[in-house]
Amino acid sequence: MSGNSAALQPPADAVPPVRHPDAPAPGELLGAHYGQCFGCGDEQPHGLHLQARAGEGVSITAEFTVQSAHQGAPGLAHGGVLATALDETLGSLNWLLRTIAVTGRLETDFVRPVPVGTVLHLKAEVTAVAGRKIYCTATGHIGGPDGPVAVRADALFIEVKVDHFIDHGRQEEIQAAMDDPDQVRRARAFEVNP
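Reading the values: rules and limits
- Residues numbered from 1 in each chain as written.
- Predicted model: local features only at pLDDT ≥ 70, side-chain atom pairs only at ≥ 80, totals over all residues.
- Heavy atoms only, no water.
- Helix = DSSP H or I, 4+ residues; strand = E, 2+ residues; numbered from the N terminus.
- Core = buried A, V, L, I, M, F, W, Y, C linked by side-chain atoms within 4.5 Å.
- Buried < 20%, exposed > 50% of the residue type's maximum accessible area, 1.4 Å probe, protein only.
- Contact = heavy atoms within 4.5 Å.
- Pairing = 2+ DSSP bridges.
- Axes fitted to C-alpha atoms, helices over the stretch in contact; angles between N-to-C directions.
- Salt bridge = Lys/Arg side-chain N within 4 Å of Asp/Glu carboxyl O.

Colleague: Quick one: what's the story with the overall build of the protein chain, residue by residue and with numbers?
Modeller: A tally of regular secondary structure across the protein chain gives 5 helices and 6 strands. Shown N-terminal to C-terminal, the secondary structure of the protein chain runs as helices and strands in the order β-β-α-α-β-β-β-β-α-α-α.

Colleague: Explain the nonpolar core to me, using residue names and the numbers behind them.
Modeller: Leu-50, Phe-64, Leu-90, Leu-120, Leu-122 and Val-126 are the most contacted members of the largest nonpolar core, which has 37 residues in total. Contributions of two or more residues to this core are made by β1 (51-54), β2 (59-65), α1 (79-92), α2 (94-97), β4 (119-130), β5 (133-141) and β6 (149-159). Once residues lying within four places of it in the same chain are set aside, the contact partners of Leu-122 are Leu-50, Ile-60, Thr-61, Ala-62, Glu-63, Phe-64, Ala-85, Leu-86, Thr-89, Thr-139 and Gly-140.

Colleague: Go over the sheet that holds β1, please, and point to the residues and values.
Modeller: The 6 strands are arranged β1-β2-β4-β5-β6-β3 in an open sheet whose pairing can be described as antiparallel. In the strand order of this sheet, the two ends are held by β1 and β3 (101-110), each with one partner. The average angle at which neighbouring strand axes cross in this sheet is 20 degrees, direction not considered. Looking at chain direction, β4 and β5 are connected through 9 bridges and run antiparallel. Counterpart to Ala-124 in the pairing with β5 is Ala-138.

Colleague: Would you mind going over the pattern of salt bridges in detail, with residue names and values included?
Modeller: The final tally for this structure, using the stated rule, is 3 salt bridges. One salt bridge in this structure joins Asp-109 and Arg-152, with 3.5 Å as the shortest N-O distance. A residue pair is termed long-range when its members are at least 10 positions apart, and Asp-109 in strand β3 and Arg-152 in strand β6 qualify at 43 residues. For Asp-109, a relative accessible area of 25% translates into the label partly exposed. Between Asp-146 and Lys-123 there is a salt bridge, with the nearest N and O atoms lying 3.0 Å from each other. Highlighted residues: Asp-146 in the loop between β5 and β6 and Lys-123 in strand β4, separated in sequence by 23 residues. Lys-123 gets classed as partly exposed once you look at its relative accessible area, which sits at 31%.

Colleague: Account for the pairing of β5, with residues named and values stated.
Modeller: Burial runs high along β5: 7 of the 9 residues are buried. Counting the residues between successive antiparallel strands, the hairpin from β4 to β5 contains 2 residues, one of them, Gly-131, with a positive phi of roughly 65 degrees. Where β5 and β6 come together, 9 bridges link them in antiparallel fashion. Within β6, the residue paired with Ile-134 across the bridge is Phe-157.

Colleague: Can you tell me about the environment of Asp-22, naming the residues and giving the values?
Modeller: With respect to the secondary-structure elements, Asp-22 resides in the segment before β1. In the structure, Asp-22 is positioned 74 residues away from Leu-96 in sequence and 8.1 Å away in space, judged by C-alpha atoms.

Colleague: Describe in detail the pairing of β4, supporting the description with residues and values.
Modeller: Where β2 meets β4, 7 bridges bridge the pair, whose relative direction is antiparallel. When the bridges of β4 are listed, Ala-62 appears paired with Leu-122.

Rendered as structure tokens:
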């Protein structure tokens, strides 16, 4: 997919992304940004438990294993779960920019079925930045990191301030995250939630 909709086409004045100097090193595991996140959180029993690693430039790789709880049709991953995996992977790119951003638009193509038990290997990269808009793309492969493409997506993320979460999130969770004594975990809790 190459940004078929006009909303996913970077404007003429867009610039290439720049990896933040404090971004995790290539190969470094990013870890969960928030324990309760359905995409990457380790406190979600039926979550994806997606594992993302920093790549070169402004790219990441990630993977997750499709479990029985992720089914749509018998024995196959639910399309919404696959879209969630792509969204989580794309959102994790913002950690390399050290930018708080939310999904503005996500267009997904489902190329082939993904059976339960399959490890989905994901690759994502930021392609352009224009003001608060971050343009990115991702693919999900089965049978290995270079296997056939099963899903792909283009996305637009919008940079926001932490007030976005404070104003719209449920107060109990917001306060618990804000009270976390681990400064990095506290900051990361707000990095990619919509």
